[in-house]
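Observations on chain architecture
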Number of protein chains: 2
Amino acid sequence: MIHPRSPPRLDFFIESPFGGMTAALLLRAVESHPDRTGDPIALTVNFTAPVADGEFDIATTLVRTNRTNQHWQAQLCQGEPVSTTATAVFGVRRDTWSDTELVAPSVPGADEIEPGGLPDMIAWARNYDMRFVEGAPPSDDADPSASSTTTLWARDRQGRDLDFASLTALSDIFFPRVFLRRGAMSPAGTISLTTYFHVDSAELATVGGDFVLCRARANRFSRGYFDQSAEIWSRAGDLLVTTHQLVYFKD
Amino acid sequence: MIHPRSPPRLDFFIESPFGGMTAALLLRAVESHPDRTGDPIALTVNFTAPVADGEFDIATTLVRTNRTNQHWQAQLCQGEPVSTTATAVFGVRRDTWSDTELVAPSVPGADEIEPGGLPDMIAWARNYDMRFVEGAPPSDDADPSASSTTTLWARDRQGRDLDFASLTALSDIFFPRVFLRRGAMSPAGTISLTTYFHVDSAELATVGGDFVLCRARANRFSRGYFDQSAEIWSRAGDLLVTTHQLVYFKD
């Protein structure tokens, strides 16, 4: 059942920590380790419990170093229980045949779109300048949409340059796809987030603090869970990241 | 450079273990644990080193049990070095609003297509009855293809019913996408594999040992790595799995 006129149940969403920040912290912890070699290739973060306000510890373990890549595990704890686990692959890139097969979205430029955003009380979202091309968050009187796709330009509001940590955070910038399909907000949260990186640090540096184009869609909503696939493009048309997540939701 | 007439370098591929089998073993190890509740929701497997012929041990750890889901870690070892790590989320499904947004491929039925397959010396592939709709493995004189998409019907050659372990193995049934784009086989191997499950055990049981429709494509090939996104559909048109992987390749 859909209740487009009932008050949006936002509490869960306002109070939830930003999973992208947690993922970025775990990636940065590995990146900062003295034994780390190469750039991030793949990251999977499992959100096992909410991260509470306050101190936390991150532990990293180097599982194996191969000739061109490294496998890491990391976890974030607050006291005894583990809040978040992660696995990361770092690697050295070599010049090979290369091609981007995914087609970049054809959209208006960031400068042609009014700034939008998530509701103001969602603290983390205020860190971003967001320009929605399609699929903005549903308003209080929104109808259900046939599409779960959101496409937006986003950049750091302070103009900070992109690095792998902030790119990781961006891979979780999308509000839950079920909001669009139901035309209303409802409890939902990422359980597992996987991000594949397609550029090295030198290529990423060329993006600077410019807008990047982010697009996400769901594939199947099924009995309390849905999956999301997304991509992030530079303004120059380079595919920086493909990222996928499994999300828990309630009606 | 492309050398379509040079002898295919198949050794690496013939001798490689089937990552899908390793992933299936890790999932089954968690599934068999007496503390496991619910069905698989998400699985990520990182292939840190090749699995050699011979004995192996799998260790599983329950990280956390929440009200409706569980987080697990697992690893496969042969002696000291860790060969494979995995994280798995299991969960209880509840009746909610549901919808499949991804559009099922429109293809000829399995019975209308001649049996195909991978080269006969690839032992694991002989376990499957494969019917290629498009994107069959390149022949010795193949040209590069503009598309990395493969769509095939597949079923267990012995007619065994699908379960979550065999569904996990199927999520790695695709030969490396770079073979199609280059028109030739070359060294390549999965580094990280993530699978999202969209059905519970009762729904999966209805598929039995029937053909399922598997489709995969790459998004970006970049300096030694590419990512693949894939899906598996039942003959009745239910999206059983979406699955993604990051693959290492050499020219």
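Predicted model only: the values in this text are computed from it and were never measured.

1. A short note on the overall build of chain A
Within chain A one finds five helices and eleven strands. The globule rule puts the C-alpha radius of gyration for 251 residues at 18 Å, and the 18 Å found for chain A is close to it. With the C-alpha coordinates of chain A rotated into their principal frame, the extents come out at 55 × 45 × 35 Å. The buried share of chain A, reckoned over its 251 residues, is 56%. Counting only contacts in chain A whose residues sit at least 6 apart along the sequence, the fraction spanning at least 24 positions is 69%.

2. Digging into the interface of chain B and chain A
Interfaces are often described in size by the accessible area the parts lose on coming together. Chain B puts 68 residues into the contact, and the matching count from chain A is 68 residues. Summed over both partners, the interface of chain B with chain A buries about 6000 Å², with 48% contributed by carbon and sulfur atoms. Per-residue buried area on chain B facing chain A is highest for B:Trp97, B:Arg220 and B:Arg223; these three make up 15% of the total on that side. Across the chain B-chain A interface, the total number found is eight salt bridges. The closest approach of N and O atoms between B:Asp95 and A:Arg223, which form a salt bridge, is 3.1 Å. Taken together, chain B and chain A are joined by 56 residue pairs in polar contact (both at pLDDT 80 or more). Per element, the largest residue contribution to the side of chain B that touches chain A is seven residues, and it comes from strand 11 (residues 239-249) of chain B. For the side of chain B that touches chain A, a count of residues per class yields 23 nonpolar, 28 polar and 17 charged. Bridge analysis of strand 5 (residues 99-100) of chain A against strand 9 (residues 212-222) of chain B gives two bridges, and the strand direction is antiparallel. Counterpart to A:Thr100 in the pairing with strand 9 of chain B is B:Arg220.

3. Examining the pattern of salt bridges
Taken as a whole, this structure holds 28 salt bridges over all chains when the rule is applied. Between B:Arg217 and B:Glu231 there is a salt bridge, with its nearest N and O atoms 2.7 Å apart. Of this pair, B:Arg217 sits in strand 9 while B:Glu231 sits in strand 10 (residues 225-234), and the two are 14 residues apart along the sequence. Because the salt bridges share partners, they merge into one network encompassing A:Arg28, A:Glu31 and A:Asp163.

4. Some points on the pairing of strand 9 of chain B
Residue and element names in this part refer to chain B. Buried residues dominate strand 9, accounting for nine of its eleven residues. Note: strand 7 (residues 150-156) against strand 9, five bridges, orientation antiparallel. Within strand 9, the position partnered with Thr150 by the bridge is Ala216. Of the strand pairs in this sheet, strand 9 and strand 10 are connected by nine bridges, and their pairing is antiparallel. The partner of Arg215 across the bridge, within strand 10, is Glu231.

5. Concerning helix 2 (residues 19-31) of chain B
Regarding helix 2 of chain B, the residues found buried are B:Gly19, B:Gly20, B:Thr22, B:Ala23, B:Ala24, B:Leu26, B:Leu27, B:Val30 and B:Glu31. On its buried face, helix 2 of chain B sits against strand 1 (39-47), strand 2 (57-65), strand 3 (69-77), strand 4 (82-91), helix 3 (164-170) and strand 8 (188-197) of chain B.

6. Quick notes on unusual backbone geometry
Positive phi, normally seen in glycine, also occurs at A:Arg223, with a value near 50 degrees. Residue classification places A:Arg223 among the buried positions, given a relative accessible area of 18%.

7. Concerning the confidence of the model for chain A
On average, residues of chain A carry a pLDDT of 92, and 94% of them reach 70 or more. Counting contacts from residues 1-8 of chain A, a segment whose pLDDT is below 50, to residues more than four positions away or on other chains yields nine contacts.

8. Quick word on the packing of aromatic side chains
Enumeration over the complete set of coordinates arrives at 20 aromatic pairs over all chains. Taking the centre distance of 3.9 Å and the plane angle of 10 degrees together, the rings of A:Phe18 and A:Trp124 count as stacked. Highlighted residues: A:Phe18 in the loop between helix 1 (11-15) and helix 2 (19-31) and A:Trp124 in the loop between strand 5 and strand 6 (128-134), separated in sequence by 106 residues. Neither A:Phe18 nor A:Trp124 differs from the other in exposure class; each is buried. Seen in terms of ring centroids, B:Phe18 and B:Tyr128 are 6.4 Å apart; in terms of plane orientation they differ by 80 degrees. Their pairing is edge-to-face. Here the residue B:Phe18 occupies a position in the loop between helix 1 (11-15) and helix 2, and B:Tyr128 occupies one in strand 6 (residues 128-134), the gap between them amounting to 110 residues. The class of B:Phe18 is buried, set by a relative accessible area of 11%. Over the ring of A:Phe175 we find A:Arg177, and its NZ or CZ is 4.6 Å from the ring centre.

9. A look at the relation of the copies chain B and chain A
The relation between the two chain copies is a rotation about an axis coupled with a shift along that axis. Mapping chain B onto chain A calls for a screw motion: a turn of 180 degrees about the axis and a shift of 0.0 Å along it, with 0.0 Å RMSD after fitting. Here the transformation between the copies is reduced to the relation of a two-fold axis. The fraction of interface residues of chain B whose copies in chain A are also interface residues reaches 100%, indicating that both copies meet through the same surface.

10. A short note on the environment of A:Gly159
Relative to the helices and strands, A:Gly159 resides in the loop between strand 7 (150-156) and helix 3 (164-170). A sequence separation of 101 residues divides A:Gly159 from A:Ile58, and the C-alpha atoms of the two residues are 28 Å apart.

11. Quick word on the side chain of B:Asp156
Residues and elements named next belong to chain B. Topologically, Asp156 is positioned in strand 7. Given the relative accessible area of 18%, Asp156 is considered buried. Among the polar contacts listed, one links the side chain of Asp156 to the side chain of Arg160, at a separation of 3.1 Å.

12. Quick notes on the environment of B:Arg36
Residue and element names in this part refer to chain B. Relative to the helices and strands, Arg36 resides in the loop between helix 2 and strand 1. The spacing of Arg36 and Gly237 is 201 residues in sequence and 29 Å in space, taken between C-alpha atoms. Within polar-contact distance, the side chain of Arg36 engages the backbone oxygen of Gly38 at 2.8 Å.

13. Thoughts on the nonpolar core
Among the nonpolar cores identified, the biggest contains 56 residues, and B:Trp124, B:Met130, B:Leu167 and B:Ile173 are the most heavily contacted of them. With sequence-adjacent residues up to four places away left out, B:Ile173 is seen in contact with B:Phe18, B:Trp124, B:Tyr128, B:Met130, B:Ala154 and B:Cys214. Counting 55 residues, the second largest nonpolar core, distinct from the first, contains A:Ala24, A:Ala86, A:Leu167 and A:Ala169.

Parameters at a glance
Residues numbered from 1 in each chain as written. Chains lettered and ligands numbered in written order. Predicted model: local features only at pLDDT ≥ 70, side-chain atom pairs only at ≥ 80, totals over all residues. Heavy atoms only, no water. Helix = DSSP H or I, 4+ residues; strand = E, 2+ residues; numbered from the N terminus. Rg over C-alpha atoms; globule rule 2.2 N^0.38 Å. Buried < 20%, exposed > 50% of the residue type's maximum accessible area, 1.4 Å probe, protein only. Contact = heavy atoms within 4.5 Å. Buried area = accessible area lost by both parts, 1.4 Å probe. Salt bridge = Lys/Arg side-chain N within 4 Å of Asp/Glu carboxyl O. Polar contact = N/O pair within 3.5 Å; in protein donor to acceptor, adjacent residues only side chain to side chain. Nonpolar A, V, L, I, M, F, W, Y, C, P; charged D, E, K, R; others polar. Pairing = 2+ DSSP bridges. pLDDT = per-residue confidence, 0-100. Phe/Tyr/Trp six-rings, centres within 6.5 Å; stacked < 30°, edge-to-face > 60°. Lys NZ or Arg CZ within 6 Å of the ring centre and 35° of its normal. Least-squares fit on C-alpha atoms with pLDDT ≥ 70 in both. Core = buried A, V, L, I, M, F, W, Y, C linked by side-chain atoms within 4.5 Å.

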